[in-house]
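Examining the three-dimensional arrangement
One letter stands for each residue in the lines below.
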Amino acid sequence: MDIKLKLVYVFMDLLLPLMLGYFFRRRQYLSEKNCDKLIVVNILVISTVLSILSFWALPLKWELIWLPFFGILLSIIPGTAAYFASKHKYTNCLEKGSYLASAILSNSGTLGGLCAYIIFGEAAFAYTQIVGLAQNLVLFLFCFPMAQYYRQQSCSGIEKQKITFASMFLNRNQLPVVGLIIGIILCVSGVPRPAFLGAVFDPLVHIAAWTALIPAGYSINFSGMKEYYSSTFDLVPIKFVITPIIGYLLAREVFNDQALLGTILILASVPTGINAIVTARLYGLNLHVSGAAFVLTTAVFLVLVYPILFFWITTSSLVH
């Protein structure tokens, strides 16, 4: 696909819905209740269907078996660093949960995929898809339960309920994981995916972006985020120094493909993902923390990090 067209898609699927969500809040065109309903539809319906369709047609090659591992690793590294950084920084559980989600979740899908494509071409999109799907597992199986835990911890003794394994992992927000399992079973069983479902996949990706990003834009409050820019600033070295260095050094021990190595480096360097805001909103965490992290790290990535990566990768042996 032409790079200019991809840039148009990024504007349409990333910037435009964010701006519309923010505009809807300012003009009060969308209620809090309907905004939450949009998130539920995105998770329960669209994300579940995309999980089934993605894994159903995903080519399971042995040489790519390490990619899901790196997808999870690129969440563990910043999450671990942020956990130690937040120990004495946040006493409020809603702030701490939102901060940790902002560290763990990265924009490896839309933004990371585009940036890798610009340098390495179409092959990079296959790599980012596999990594992104692994990170979705982190979202549904770790971040959602973690957010629920911190939400419960913030309640008073009377309101606080006992947290069980079933309440954290066996609830409707885990439905996309069920879709993922169904997709793997269909793929391994050799059941061919009907052609018309392939045609449905592309528009569903755009719908998924809009139903996720409109609520995210709706949740951004620049005045409320001001006091959290300084407390989330340590995500800059965590996201753009610690994670890329560790991720890239480990990747060099596993992969020889230079395009794959470069793609992993880019995915290890992307900013806080929009799912951090979605998680905070869905579980009632502090939206200003995740909003500040998203805006701050995205700005640093676009202005400083990606131009440096682009220059270094394109002038080194990573690009032939």
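Below is a short write-up of the structure. Model, not experiment: these values are computed from the prediction. Positions within a chain are numbered from 1, following the residues in the order the chain's sequence is written. pLDDT decides what is reported in this predicted model: residues at 70 or higher carry local features, side-chain atom pairs at 80 or more are listed and counted, and totals for whole chains, interfaces and linings draw on all residues regardless. Note that water and hydrogens are dropped before the side-chain values are worked out from all heavy atoms of the structure.

1. Here's the deal with the packing of helix 3 (residues 67–86) against helix 4 (residues 93–104)
Look at helix 3 against helix 4: their axes get within 7 Å of each other, and the N-to-C directions meet at 150 degrees. Considering their axes alone, helix 3 and helix 4 lie roughly antiparallel with respect to each other. Classified by chirality, the crossing of helix 4 by helix 3 is right-handed. For the pair formed by helix 3 and helix 4, the contact residues are S75, P78, G79, A82, Y83, A85 and S86 on the first element and K96, Y99, L100, A103 and I104 on the second. Every angle, taken between N-to-C directions, lies between 0 and 180 degrees, and every axis is a line fitted to C-alpha atoms, over only the stretch in contact when it is a helix. Per the convention used, a helix needs a DSSP run of H or I reaching at least four residues, while a strand needs a run of E reaching at least two, with both numbered from the N terminus. Reported orientations rely on four angle classes, namely roughly parallel under 35 degrees, roughly antiparallel over 145, roughly perpendicular from 65 to 115, and oblique for the rest. Each helix crossing is assigned a hand: it is left-handed if the near helix lies turned anticlockwise from the far helix by less than a right angle, otherwise right-handed if that turn is clockwise. When checking whether two residues touch, look at their non-hydrogen atoms; a contact exists if any pair is within 4.5 Å.

2. Overview of the nonpolar core
In this text, buried Ala, Val, Leu, Ile, Met, Phe, Trp, Tyr and Cys residues form a nonpolar core when linked through side-chain atoms within 4.5 Å. Accessibility here uses a 1.4 Å probe with only protein chains present; expressed as a share of the type maximum, an area under 20% marks a residue as buried, one over 50% as exposed, and anything in between as partly exposed. In this structure, L18, Y99 and I274 are the most contacted members of the largest nonpolar core, which totals 42 residues. At the level of secondary structure, the elements contributing two or more residues to this core comprise helix 1 (3–27), helix 2 (32–57), helix 4, helix 6 (123–153), helix 9 (195–219), helix 11 (235–252), helix 13 (275–283) and helix 14 (287–314). The dominant element in this core, judged by the number of residues it contributes, is helix 6, at eight residues. Residues contacting I274, with those up to four places away along its chain left out, are L18, L213, A216 and F294. If you look at the next biggest cluster of nonpolar residues, it comprises 35 residues, including L67, C115, L265 and Y306.

3. Observations concerning the environment of W210
Structurally, W210 can be placed in helix 9. A residue is classified by how much of its surface remains accessible, and W210, at 26% relative accessible area, is partly exposed. Along the backbone, W210 and L16 are 194 residues apart, and their C-alpha atoms lie at a distance of 8.7 Å. Residues within four places of W210 in sequence aside, it is in contact with M12, D13, L16, P17, L20 and P215.

4. Concerning the pattern of salt bridges
A carboxyl oxygen of Asp or Glu within 4 Å of a side-chain nitrogen of Lys or Arg is what we treat as a salt bridge. On inspection of all chains with the given rule, the structure shows four salt bridges. Among the salt bridges present, the one from E32 reaches R281, with a minimum N-O distance of 2.4 Å. Pair noted here: E32 is in helix 2 and R281 is in helix 13, with a separation of 249 residues, a long-range link. A salt bridge links K89 to D234; the shortest N-O distance between them is 2.5 Å. One end of the pair, K89, is in the loop between helix 3 and helix 4; the other, D234, is in the loop between helix 10 (222–225) and helix 11, and 145 residues separate them in sequence. The class for K89 is partly exposed, based on a relative accessible area of 27%. Bridged by salt links that share partners, the residues R25, E32, D36 and R281 form one connected network.

5. What to know about the packing of aromatic side chains
Here is the rule: rings of Phe, Tyr and Trp (six-membered ring for Trp) pair when centre to centre is within 6.5 Å. Planes less than 30 degrees apart are stacked, more than 60 are edge-to-face, and the remainder are tilted. For the structure on display, the rule yields 16 aromatic pairs. Ring geometry for F70 versus F255: centroids 5.5 Å apart, planes at 50 degrees, classification tilted. One end of the pair, F70, is in helix 3; the other, F255, is in the loop between helix 11 and helix 12 (258–267), and 185 residues separate them in sequence. For F70, a relative accessible area of 2% corresponds to the buried category. Under the relative-accessibility criterion, F255 is labelled buried at 6%. Consider the rings of F140 and F144, whose centres lie 5.6 Å apart with planes at 75 degrees: the pair is edge-to-face. Placement of both F140 and F144 in helix 6 is noted, with a separation of four residues, approximately one turn of the helix. Judged by relative accessible area, which is 1%, F144 ranks as buried. An aromatic cluster of at least three residues, connected via ring pairs, comprises W66, F69, F70 and F255. In this scheme, Lys NZ or Arg CZ marks a charge over a ring once it lies within 6 Å of the ring centre and within 35 degrees of the ring normal. Sitting over the ring of Y218, R25 keeps its end group 5.2 Å from the ring centre.

6. Focus on the packing of helix 11 against helix 12
The contact between helix 11 and helix 12 brings their axes to 9 Å, and the two run at 160 degrees. Between helix 11 and helix 12, the interaxial angle falls into the category roughly antiparallel. Two packed elements cross with a definite hand, and for helix 11 against helix 12 that hand is right-handed. Along the contact surface, helix 11 presents P244, G247, Y248, A251 and R252, while helix 12 presents L261, I264 and L265. Looking at the contact of helix 11 with helix 12 residue by residue, the class counts come to six nonpolar, one polar and one charged. Following the grouping adopted for this structure description, the nonpolar residues are Ala, Val, Leu, Ile, Met, Phe, Trp, Tyr, Cys and Pro, the charged ones are Asp, Glu, Lys and Arg, and the polar ones are all others, Gly among them.

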